[in-house]
Amino acid sequence: MKLKNIKIEERMEHYNVNGLSIALFEEGQIRGTVNYGLLEVNSDRKVNDDSIFSACSISKFLTGIIAIKLLEEGHLDLDENVNERLVTWKVPENEYTKNKKVTLRNLLSHQSGIKDPEGSFLELNSDIGFPSMVELLEGKSHYCKVPIEVQFEPESEFHYSDAGYCILQQLIEDVTKKQFYQVVNEFIFEPLGMKNSQLNTTMSEVDRDNFSCGHNKNGELVDGKHPIYPYPAASGLWTTSLDLAELVLELMNAVKGKSKLGISESLAKEMITPQRGKSWTGLGVFLEGSEKELEITSLGWGVGFQCMMVAHPHLEKGAVIMTNAELGVHQLEGIIGEIYKSLLS
């Protein structure tokens, strides 16, 4: 993928985007990055290869990879009732779980029958602090005031769900007996050399030169500068376009049987296969097209940030696009969409 027929700086000005970082793939290799603008409006901090952005919901792609890795090692089972391995909290049994139980496959593909309560899963309120995952799932926190339960029979409907990924986080912590960020550091970040990526971010830790601040659609700083989400598996990843590109490349290589993490070709292909009749959802990624033309994507949209990962695993090309602006429109309707279209042209 190559940038063609687009004047990036002009488009950034048009959309009030302060900072942008793009990593590009071609022929199964990272071909480099292009960086534009500033990490913080009215500062002299320029975006570079080490600039860290909030990846927001692209965290779910990372969680998909770690789940597949733990599946490969026998810690998890794709189609088993997750309550068999959950210890600290369990999915409540009700009328919708009589015939079908919630599985890892359901959670990863947003088909568990769980729908996020309205007004839930907001950014961290530093006065209230981090809830435990159990408090959150039991509906005993500021971030989710209703207990999480199955509201439709699993696999009957698709509902994009942060709650489902919170359950995944608890499941991963229960089977490994480690905190989620420790598991990701050990199994993903360290083996792939993702040195500028982290999940255990607190307000004090982001006071660094290479962290980007979030901005609104007018290009103004958002409150707190660095909005954080206290549920890492769903939306806690802070990373660079280059580090995120390493993760995408790992999946593309795994599909060819060349995983650095020891993920089998068969499981990597399962990750990018439509799940339970829903053509658009794989395991932790979204799908478009099929066979050689298959496109996989993951989108991040949160307070102050928007980003996108796109890859064509069989054509061995792709891109990671990260911005420090939340434009108030879907990624493909703003600057990310224009860059995406220029890459495909």
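Residues numbered from 1 in each chain as written. Predicted model: local features only at pLDDT ≥ 70, side-chain atom pairs only at ≥ 80, totals over all residues. Heavy atoms only, no water.

**Considerations on the overall build of the protein**
Phase 1 of the analysis: Along the backbone of the protein there are 10 helices and eight strands.
Phase 2 of the analysis: By the compact-globule yardstick of 20 Å for 345 residues, the protein fits well, its C-alpha radius of gyration being 19 Å.
Phase 3 of the analysis: For the protein, the spread of C-alpha atoms along the three principal axes comes to 55 × 50 × 35 Å.
Phase 4 of the analysis: The burial tally for the protein puts 57% of its 345 residues in the buried class. (Helix = DSSP H or I, 4+ residues; strand = E, 2+ residues; numbered from the N terminus. Rg over C-alpha atoms; globule rule 2.2 N^0.38 Å. Buried < 20%, exposed > 50% of the residue type's maximum accessible area, 1.4 Å probe, protein only.)

**What to know about the packing of helix H2 (residues 59-72) against helix H6 (residues 180-192)**
Phase 1 of the analysis: Where H2 contacts H6, the two axes come as close as 10 Å, and the packing angle between them is 75°. Classified by the angle between their axes, H2 and H6 sit roughly perpendicular to one another. Contact residues: H2 offers Leu62, Thr63, Ile65, Ile66, Lys69 and Leu70, while H6 offers Phe180, Val183, Val184, Phe187, Ile188 and Phe189.
Phase 2 of the analysis: Partitioned by chemical class, the residues of the contact of H2 with H6 number 10 nonpolar, one polar and one charged. (Axes fitted to C-alpha atoms, helices over the stretch in contact; angles between N-to-C directions. Parallel < 35°, antiparallel > 145°, perpendicular 65-115°, else oblique. Contact = heavy atoms within 4.5 Å. Nonpolar A, V, L, I, M, F, W, Y, C, P; charged D, E, K, R; others polar.)

**Considering helix H8 (residues 241-255)**
Phase 1 of the analysis: The terminal C-alpha atoms of H8, which comprises 15 residues, lie 21 Å apart, in line with the 21 Å expected from a rise of 1.5 Å per residue.
Phase 2 of the analysis: For H8, the buried fraction is high: 13 of the 15 residues fall into the buried class.
Phase 3 of the analysis: Of the residues one or two after H8, Gly257 is the one with positive phi, at around 80°. (Expected span 1.5 Å × (residues − 1).)

**Section: the packing of aromatic side chains**
Phase 1 of the analysis: The tally for this structure, following the rule as stated, stands at eight aromatic pairs.
Phase 2 of the analysis: The interplanar angle of 80° and the centroid separation of 5.1 Å between the aromatic rings of Phe121 and Tyr231 together place this pair among those described as edge-to-face. Placement of Phe121 in the loop between helix H3 (104-108) and helix H4 (133-137) and of Tyr231 in the loop between H6 and helix H7 (232-235) is noted, with a sequence separation of 110 residues between them. In this structure, Phe121 and Tyr231 share a single accessibility class: buried.
Phase 3 of the analysis: Look at Tyr229 and Tyr231: their rings are 6.4 Å apart centre to centre, the planes differ by 45°, and that puts the pair in the tilted class. (Phe/Tyr/Trp six-rings, centres within 6.5 Å; stacked < 30°, edge-to-face > 60°.)

**Quick notes on the pairing of strand S6 (residues 295-302)**
Phase 1 of the analysis: Among the eight residues of S6, six are classified as buried, and the element is accordingly described as predominantly covered.
Phase 2 of the analysis: Linking two consecutive strands that pair antiparallel, namely strand S5 (residues 286-288) and S6, is a turn of six residues; a positive phi of about 75° is found at Gly289 within it.
Phase 3 of the analysis: Here S6 pairs with strand S7 (residues 305-312) via seven bridges, running antiparallel. Within the sheet, the bridge partner assigned to Gly300 lies in S7 and is Cys307. (Pairing = 2+ DSSP bridges.)

**Re the side chain of Glu40**
Phase 1 of the analysis: Here Glu40 shows up in the loop between strand S2 (29-37) and strand S3 (53-56).
Phase 2 of the analysis: We classify Glu40 as buried; its relative accessible area is 14%.
Phase 3 of the analysis: For Glu40, the side chain forms a polar contact with the side chain of Lys225, separated by 2.8 Å.
Phase 4 of the analysis: If sequence neighbours within four positions are ignored, Glu40 has contacts with Arg45, Cys213, His215, Leu221 and Lys225. (Polar contact = N/O pair within 3.5 Å; in protein donor to acceptor, adjacent residues only side chain to side chain.)

**Things to note about the environment of Leu168**
Phase 1 of the analysis: Checked against the element boundaries, Leu168 lands in helix H5 (residues 162-176).
Phase 2 of the analysis: Since its relative accessible area comes to 1%, Leu168 is described here as buried.
Phase 3 of the analysis: Distance in space between the C-alpha atoms of Leu168 and Leu107 is 7.1 Å, their sequence separation being 61 residues.

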